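So the chains spell out like this:
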Amino acid sequence: MNSTKDYKVIIIGAGPAGIGAAMKLYKSGVKSIAIIERNDRIGGIPSFYKKKKGGVRTFMRWSRGGYPVFGQDFAKWLEKLISDTNIEVKLDSQVLEIDAKGKTVTFVNSKDGKVNISSDAVIMASGSREENIAERKWLAGARPSRVMYTKQLLNLDRDDLLPIKKPLIIGSDTIAYAAAAKLKAAGASDPIIVDNRNTPTCPIHERLYFRFWTNPSFHGFNADTMEIKGKETATGVNVNGKHFDCDGIVISGELIPNSEMALVGNLKVNIPSRIPVINKDNQLSESGWYAAGNILGGFHGAEWCYFNGKRTADSVLKYISKSL
Amino acid sequence: MSKYGKLLYNSLNDNYDESLKFKDVAQLDDTPYDVAIVGAGIVGSALAYKLSKYKLKVLLIEKNYDVGEGTSKGSSAIIHTGFDAPVDTLESELVTKAALEWPELAEKLKVPFKNCEAIVIAIDEEQEKQLDKVYDKGIKNGVIDIQKLSADEVKKLEPNVSEKVRGGVLVPRESLADPFSSSTAFSEIALQNGTDIILGVEVTDVENKSEEIKSLVTACGKKIKTKRIVNVAGLGSEKFAKIYGGENFDTNPRRGQFLIFDKHSGFEISRIFLPIPTAKTKGVLVSPTIFGNLLAGPTAEDYPHSFEAISETTTEQLQLLKEGASKLYPKLNEQPVINIFAGVRSNCTQGSYWIRCNDNSPGILTVAGVRSTGFTSSPALAQYLIGKLHDELGLNLEENPDAIDSRPENKWPGWWKRRYDNKELVKENPDNGKVVCYCEQITKGDVIRHLDSPLKPRTLDSIKRRTRAQMGRCQGFDCMVNIAKIISDHCEIPLKEISKRGPGTEISSNLTSNN
């Protein structure tokens, strides 16, 4: 293969999937790896779940018998794995565009400015985010302050700031219940959870786990619309003629892949699900391009993503050896 | 060089810069203002900009905590040519005139502007019959560069238009622009030329309205002396006119909901798609935006003035809107929606551009009914109002040779001209390479530059409108708190006091978490 490439493999995202892929490649003899990460640290979403005394452990280590850990500890473990290698991790670096044919990635950071790097293969492990209000289609109404996504809540938690005393959570998956437990543990009242479905998305055994911290009331609806109310700050939601009171709203769960760069590079992506088109080897619509982790859609824990990254790395190894 | 005007904000939290707080009228000098402009929307800001080139003492006062925060922020962001305006009206005259002024003006203001053309599209036999009328009206309005198109010609220009297209009218000068940075640019230049700007202050009374020197009484109890008052308060103009006893008129807010679609999702239209207008509304259009997204809207929903939820979106209307818009561009249904919003047109029952000089009191100018065309018409309307101030309200206009009419090159928004494309600029200021808003690729440098800009914006929404940070597909999921932290660090305001749009909208209640 062409030796003028900057790296053997570029990985976009230093979350569990990206690190899983990097470690597998590294241990299999691929030493020339660059990971591009837009956050200021390794670990992805788990790194935002802060370790606190009396706090809630929301990540599971199934490989170690299924015990709960703090996200931050999971992220530290990933960081430790990388620190024992000479894999290059570019932190605080935002990918601006990709060239699928040339297998190049353009990114920017404050140290190097705008940079172009090339490789033999690229793995997109850029994770997912929560669907915004418009994307949920049944949410509408006012646009007051103190309506936040779970990630924003976690970001504020880094500064020990509890933004809501009487929370209402829209969405009912594990992320929602984890947010409820987190808010309660930090001093808020038991949250109200409302969702546009009859039963919570979060499985019963997980709900029982979170009962240790909070017992949120769940209100399920089958409604065409749910309206956010509040002039200055959020005061509640209206749904099917009912009003629920609050002093802040958390919009939770309903993950949607961060696949924009695939679109920018004209790789095939399903719209509106935003799930990139892949084959059985996690290869994208252009050869040499792969995906791993939550960018593939669905709702997966950190450990699943880590192992999925390893699986994708196997495909990349096959691809590289075939091309040689 | 002119002396900067004063910039004051009402009731800011303790930690804000002392120099920005409006504590006492003594902060303003004692001479009465020649003109006090009430309302800093696009019209008030444009008026301040145009007045600032004269030797005058001018005040721009606004109840919100930013300029352009009311009606002006929720528009389709199109600079119209006026081809479909009611013929022989002031509205038509001003829109047509302003459309010619905008390309050069945008260059001076350093606000993005893109001439993308529009096509009025007929999709059934009934509409096809209307095309001649649309064309004739355009010609009568002086928009002589419009052209009739056959169905094939429309398809050739826009291959993704509805298969049902029966013909169209091409309007070459219809353009895209950015209403947010336009209000800001007008006000910044006015401030620089000496106009005083007070934000977050509602005017609640006018004392001595029949005298030469009147007093504006503010909600915070302060009295400001002025010789003339211009009421350009948009949706608030009716309430304000009642305060000073102007001639009765009724504003009937007309809500317009919009859908914003993501960029990078392969939409394939390059011109504005306009439906055949009806007597009531221009109808639902589909348009690229200058920001690279796709927009569909607006709805036209009339409500009484007392309707509280006027700026709220509704699922039902948005669904109807999508169905309507996809008649022009069927592939719209495959596009991902990333944002919904409701704008409010300030319509006036007594007529559009309903303007009253010396409105039951000498020295008071009332401007109502500046509806959806207000963004386009603003520079021409401002000039027209200056004419009225001179002719009917006795304003003496002497040009100030030191006044500026443009902003420097570095005012181009970061999303329009990316600073990190130039390695030197990143070396000079590393923040220019630190992306904080991933979706719109806005840097920390962009945010800080705007915090330091003349109007000293301090709220999340004012930073959003200036930089586009938080306007992308994730709607602030990743960046909202990080931007709040930049504001907090740079301006030395505690994080919990950072607000969405001023006091009362802080992002956090006062509790500090203990775990």
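The model shown is predicted, which means the values in this text are computed figures rather than measured ones.

What counts, and where the lines are drawn
- Residues numbered from 1 in each chain as written.
- Chains lettered and ligands numbered in written order.
- Predicted model: local features only at pLDDT ≥ 70, side-chain atom pairs only at ≥ 80, totals over all residues.
- Helix = DSSP H or I, 4+ residues; strand = E, 2+ residues; numbered from the N terminus.
- Rg over C-alpha atoms; globule rule 2.2 N^0.38 Å.
- Buried ≥ 20, exposed ≤ 12 C-beta atoms within 10 Å, placed from the backbone.
- Contact = placed C-beta atoms within 7 Å.
- Nonpolar A, V, L, I, M, F, W, Y, C, P; charged D, E, K, R; others polar.
- Pairing = 2+ DSSP bridges.
- Right-handed = clockwise from strand over helix to strand, strands pointing away.
- Axes fitted to C-alpha atoms, helices over the stretch in contact; angles between N-to-C directions.
- pLDDT = per-residue confidence, 0-100.
- Core = buried A, V, L, I, M, F, W, Y, C linked by C-beta atoms within 7 Å.
- Parallel < 35°, antiparallel > 145°, perpendicular 65-115°, else oblique.
- Left-handed = near helix turned anticlockwise from the far one by under 90°.

S.K.: Account for the overall build of chain A, naming residues and giving values.
M.R.: Helices and strands together make up the secondary structure of chain A, namely eight helices and 20 strands. In terms of overall dimensions, chain A is globule-like: its C-alpha atoms have a radius of gyration of 21 Å, near the 20 Å expected for 324 residues. The C-alpha extent of chain A, read off along each of the three principal axes, is 65 × 40 × 40 Å. The buried share among the 324 residues of chain A stands at 57%. For chain A, contacts bridging at least 24 residues in sequence account for 66% of all contacts bridging at least 6.

S.K.: Can you lay out the interface of chain A and chain B for me, pointing to particular residues and giving the numbers?
M.R.: Listed as interface residues are 53 residues of chain A and, on the opposing side, 47 residues of chain B. Secondary-structure elements contributing two or more residues to the side of chain A that touches chain B are strand S6 (94-99), strand S7 (104-109), strand S8 (113-124), strand S9 (128-130), helix H3 (133-136), strand S10 (139-141), helix H4 (150-157) and helix H7 (260-264) of chain A. The leading source of residues in the side of chain A that touches chain B is H4 of chain A, at five residues. Within the side of chain A that touches chain B, the residues separate by chemical class into 19 nonpolar, 14 polar and 20 charged.

S.K.: Account for the pairing of strand S13 (residues 192-195) of chain A, naming residues and giving values.
M.R.: All names here are of chain A. Side chains Ile-192 and Val-194 of S13 all project onto a buried face; the interleaved residues Ile-193 and Asp-195 project onto the opposite face, where all are buried too. Summarising the sheet, strand S12 (residues 167-170) and S13 pair through three bridges and their orientation is parallel. Its bridge partner being in S13, Ile-170 is matched across the sheet by Val-194. Since S12 and S13 lie parallel, the crossover through helix H5 (residues 174-185) that links them has a hand, and here it is right-handed.

S.K.: How would you summarise the sheet that holds strand S15 (residues 226-229) of chain A if you had to cite specific residues and measurements?
M.R.: Hydrogen bonds along the backbone pair up the strands of a sheet, which may run parallel or antiparallel. Residues and elements named next belong to chain A. Strand order in the open sheet formed by four strands is S10-S15-S16-S17, and the pairing between neighbours is mixed. Edge positions in the sheet fall to S10 and strand S17 (242-245), since each has one partner strand and no second. Taking each pair of neighbouring strands and ignoring which way they run, the sheet shows an average axis angle of 30°. Examined bridge by bridge, strand S16 (residues 236-239) and S17 share four bridges and lie antiparallel to one another.

S.K.: Lay out the confidence of the model for chain B with the relevant residues and their values.
M.R.: All names here are of chain B. This prediction gives chain B a mean pLDDT of 94; 98% of its residues lie at or above 70. Taken as a whole, residues 511-515 scores under 50 in pLDDT and shows 20 contacts with residues more than four places along the chain or in a different chain. On the interface metric, ipTM, the complex scores 0.96, and its pTM is 0.96.

S.K.: Hey, could you go over the nonpolar core for me, with residue numbers and the actual values?
M.R.: In this structure, Ala-22, Ile-33 and Ile-123 of chain A together with Ile-37, Ile-121, Phe-273 and Ile-483 of chain B are the most contacted members of the largest nonpolar core, which totals 246 residues. What Phe-273 of chain B contacts, discounting residues up to four positions off in sequence, is Ile-119, Ile-121, Val-161, Leu-285, Val-286, Ser-287, Leu-328 and Tyr-329 of chain B.

S.K.: Please set out the environment of Asp-92 of chain A residue by residue, giving values where relevant.
M.R.: Tracing the chain through its elements places Asp-92 of chain A in the loop between strand S5 (88-90) and S6. On the basis of neighbour counts, which here come to 19 C-beta atoms within 10 Å, the residue Asp-92 of chain A falls in the partly exposed class. Separated by 163 residues in sequence, Asp-92 of chain A and Leu-255 of chain A place their C-alpha atoms 23 Å apart. Residue contacts for Asp-92 of chain A: discarding those within four places in its chain leaves Asp-40, Asn-109 and Ser-110 of chain A together with Lys-434 of chain B.

S.K.: Break down helix H1 (residues 42-51) of chain B for me, with residues and values.
M.R.: Note that an α-helix has 3.6 residues per turn; residues three or four places apart therefore point the same way. Summarising burial for H1 of chain B: ten of the ten residues are buried, a large majority. Packed against the buried residues of H1 of chain B are strand S2 (35-38), strand S3 (58-62), helix H5 (179-192), strand S14 (229-231), strand S22 (364-368) and helix H8 (374-391) of chain B.

S.K.: Help me get a handle on the pairing of strand S20 (residues 337-348) of chain B, residues and values and all.
M.R.: All names here are of chain B. Among the twelve residues that make up S20, ten are buried, leaving the element largely enclosed by the rest of the structure. Alignment of strand S15 (residues 251-261) against S20, held across eleven bridges, turns out to be antiparallel. Of the residues in S20, the one forming a bridge with Thr-251 is Cys-348.

S.K.: So, the packing of helix H1 (residues 16-27) of chain A against helix H2 (residues 71-83) of chain A: which residues are in play, and what are the values?
M.R.: Residue and element names in this part refer to chain A. As a packed pair, H1 and H2 sit with axes 10 Å apart at the nearest point and diverge in direction by 30°. In terms of orientation, H1 lies roughly parallel with respect to H2. The crossing of H1 and H2 is left-handed. In this structure, H1 uses Pro-16, Ile-19, Ala-22 and Met-23 to contact H2, whose residues at the interface are Leu-78, Leu-81 and Ile-82.

S.K.: So, the sheet that holds strand S5 (residues 113-115) of chain B: which residues are in play, and what are the values?
M.R.: All names here are of chain B. Taken in spatial order, the three strands of this open sheet run S4-S9-S5, and their pairing is antiparallel. Strands at the two margins of the open sheet, each flanked by one partner only, are strand S4 (78-79) and S5. Two elements, S4 and strand S9 (residues 175-177), share two bridges in a ladder whose sense is antiparallel. Pairing of Ile-79 across the sheet is with Ser-175, part of S9.

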